[in-house]
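A structural walkthrough
Spelled out, the chains give:
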Amino acid sequence: MSTSSAAPPAKPPMRDALVAAAFQLFMERGYEQTTVDDIVALAEVGRRSFFRYFPSKEDVVFPDHESCLADMTAFLAAGESDPEPVRRVCDAARLVLRMYAENPAFSVQRYRLTRRVPGLRAYELSVVWRYERALAAYLRGRFAGRPDGTLRADVIAAAVVAAHNNALRSWLRSDGKGDAEAAVVHALACVQTAFADAPARPASPFPPESPRPDDVVVLVARRDAPLWQVVRQFEAAQGESR
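Just so it is clear, the model here is predicted, and its values are computed rather than measured.

Overview of the pattern of salt bridges
- Under the definition given, this model contains 15 salt bridges.
- E181 is paired through a salt bridge with R94; the nearest N and O atoms lie 2.6 Å apart. Here the residue E181 occupies a position in helix α10 (residues 180-195), and R94 occupies one in helix α6 (residues 85-101), the gap between them amounting to 87 residues.
- By sharing partners, the salt bridges in this structure join D82, E84, R87, R88, D91, R94 and E181 into a single network.

Listed below in structure tokens is the structure:
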């Protein structure tokens, strides 16, 4: 009877191995104390392999943002004729949430790390800014020609990012517990309610409280009536005509 030995477990893809090694060292030694050489040594790859995937040590902390940004840009480009552009950018923001929710443990670990390292917080802000610019660029195209179209686009993009991040960070602070999708959907619904396009109303040529030009008030008063009495009669007539 012949026996066969079990095959050794497959190694993770090099990119994933680099991320795993980096975070193991960040947790053990600290981010500042860990070098790229330390990471590649633990992952058992060369420096050139590291820089083939990540331009810098900061990038290994946010390994999926480039692909997520590309997905968002493509999603927005496919919605150039979407009749509800505000809803479109809200749906685009949910792509970012799904990236975080796919691996809650990693997302929470990264959140804790970035809270401790000022340089990573600054890097994260630059990533968020790129998402916001992508949303604003799409809306600027959709609102082109409108009064304050650029302003409206920028304000809505900022509101979408703020609402998304508020819900996302609450979820991360809870160690990834609860329904992140529901929280973000609720937050983005507030943006849609505030900024959804309303059908244009024809402008009235008169202020709401102004009388129409065909409104005529006929007032009969004695020649010697005091002014206060004439005014009171006029006010009473106005009240009856409304």
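What to know about the environment of R15
- Residue position: R15 is located in helix α1 (residues 14-29).
- By relative accessible area, R15 is classed as partly exposed at 25%.
- Taking the C-alpha atoms as reference, R15 lies 8.7 Å from S49; in sequence the two are 34 residues apart.
- In contact with R15, other than residues within four places in its own chain, are Y53, F54, P63 and D64.

Things to note about the packing of helix α7 (residues 104-116) against helix α9 (residues 149-173)
- As a packed pair, α7 and α9 sit with axes 9 Å apart at the nearest point and diverge in direction by 95 degrees. In terms of orientation, α7 and α9 fall into the roughly perpendicular class. On the side of α7, the interface is formed by P104, S107, V108 and Y111, while α9 contributes R169, W171, L172 and R173.
- For the contact of α7 with α9, a count of residues per class yields 5 nonpolar, 1 polar and 2 charged.

Scoring rules and cut-offs
- Residues numbered from 1 in each chain as written.
- Predicted model: local features only at pLDDT ≥ 70, side-chain atom pairs only at ≥ 80, totals over all residues.
- Heavy atoms only, no water.
- Salt bridge = Lys/Arg side-chain N within 4 Å of Asp/Glu carboxyl O.
- Helix = DSSP H or I, 4+ residues; strand = E, 2+ residues; numbered from the N terminus.
- Buried < 20%, exposed > 50% of the residue type's maximum accessible area, 1.4 Å probe, protein only.
- Contact = heavy atoms within 4.5 Å.
- Axes fitted to C-alpha atoms, helices over the stretch in contact; angles between N-to-C directions.
- Parallel < 35°, antiparallel > 145°, perpendicular 65-115°, else oblique.
- Nonpolar A, V, L, I, M, F, W, Y, C, P; charged D, E, K, R; others polar.

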